[in-house]
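The residues making up each chain are set out below.
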Amino acid sequence: MTVLLGWSERAVCKESDADALFAEAARQQEAVALCGACPVRTRCLAHALDQRIEFGVWGGMTERERRALLRRRPRVSSWSDLLESAHTEYGKDLVRVPATGSALAARSALRSTGSASKAA
C-alpha cells in the first residue's frame, strides 16, 4: 500500500528544532541554510506566501524577504500556481538556497519568474 505524504512530511526541517526556524537576526541564516537541501522548499515557500505567514523561515526565505516579495508582486493570487508553472516551464526548482545559507539565489530566481508569468 502506497501512502502519499503531504509536502510538510517530506520537509528537512521536520526533524529539526522548530525554534530554530523562528530565530532572529543572524540565526535566521542557519535556518535558511537548512532549507538548502530540502526537497519541498518551493511548496513550503508558496504555502507561506499564499497563507501570508508572518513569522519564521519558510522555503528558504525570512519573513522580511517574504514581505518584500509580497510588496513587489501584489497581484499574485496564487503563489503555488505561479511557482509550479515556473517549475514546469523551466524544468527545475527555482527556489535554490545555497548551502552557505544565502537567500540571494531564491530572491533572484523569484525575480526572474516575473517576466515569464506576467499574467499572474
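Above this text is the structure in question.
Note that the structure is a prediction, hence the values are computed from the model and not measured.

Asks: What exactly am I supposed to notice about the nonpolar core here?
Replies: As a rule of thumb, nonpolar side chains are buried together in soluble globular proteins. L45, A46, L49, M61, L69, V76, W79, L82 and L83 form the largest nonpolar core, which has nine residues in total. Where this core is concerned, the elements lending two or more residues are α2 (41-50) and α4 (79-90). Core analysis: the next-biggest nonpolar cluster, separate from the first, contains five residues, L21, A31, V32 and C35 among them.

Asks: Looking at this structure, I do not really get the packing of α2 against helix α3 (residues 63-72). What am I missing?
Replies: Two quantities define a packed helix pair, namely the angle between the axes and the distance from one axis to the other. Put simply, α2 and α3 touch, their axes get as near as 11 Å, and they point 65 degrees apart. Considering their axes alone, α2 and α3 lie roughly perpendicular with respect to each other. For the pair α2 and α3, the sense of crossing is right-handed. Counted together, L45, A48 and L49 of α2 and R66, L69 and L70 of α3 form the full contact between these two elements. Split into classes, the residues belonging to the contact of α2 with α3 amount to five nonpolar, no polar and one charged.

Asks: Explain α2 to me, please; I cannot follow it from the model alone.
Replies: Owing to its 3.6 residues per turn, the α-helix aligns residues three or four sequence positions apart on the same side. Burial analysis of α2 places seven of its 10 residues in the buried class, the great majority of the element. Just beyond α2, the residue with positive phi is R52, at close to 55 degrees.

Asks: I would appreciate a short explanation of the state of the cysteines in the present structure.
Replies: Here a disulfide denotes a covalent bond joining the sulfur atom of one cysteine to the sulfur atom of another. Overall, the coordinates contain zero disulfides when judged by the stated rule. For the unlinked cysteine C13, the closest cysteine sulfur is that of C44, found at 6.0 Å. Note on C35: no disulfide assigned, nearest cysteine sulfur contributed by C44 at a separation of 6.2 Å.

Asks: Honestly, the pattern of salt bridges in this entry has me stumped. Any pointers?
Replies: Where charged atoms of side chains with opposite charge meet at close range, the side chains can pair. Applying the stated rule across the entire model yields three salt bridges. Salt-bridge contacts for R27 lead to E30; the nearest nitrogen and oxygen are separated by 3.7 Å. Linking R27 with E30, this pair stays in helix α1 (residues 27-35), spanning three residues, or about one helical turn. Three or more residues joined by partner-sharing salt bridges are found here, namely E9, K14 and E15.

Asks: Quick question: what am I supposed to make of the environment of L82 here?
Replies: Note on placement: L82 falls in helix α4. Taking relative accessible area as the criterion, L82 reaches 3% and is therefore assigned buried.

Rules behind the numbers
- Residues numbered from 1 in each chain as written.
- Predicted model: local features only at pLDDT ≥ 70, side-chain atom pairs only at ≥ 80, totals over all residues.
- Heavy atoms only, no water.
- Core = buried A, V, L, I, M, F, W, Y, C linked by side-chain atoms within 4.5 Å.
- Buried < 20%, exposed > 50% of the residue type's maximum accessible area, 1.4 Å probe, protein only.
- Helix = DSSP H or I, 4+ residues; strand = E, 2+ residues; numbered from the N terminus.
- Axes fitted to C-alpha atoms, helices over the stretch in contact; angles between N-to-C directions.
- Parallel < 35°, antiparallel > 145°, perpendicular 65-115°, else oblique.
- Left-handed = near helix turned anticlockwise from the far one by under 90°.
- Contact = heavy atoms within 4.5 Å.
- Nonpolar A, V, L, I, M, F, W, Y, C, P; charged D, E, K, R; others polar.
- Disulfide = S-S within 2.5 Å.
- Salt bridge = Lys/Arg side-chain N within 4 Å of Asp/Glu carboxyl O.

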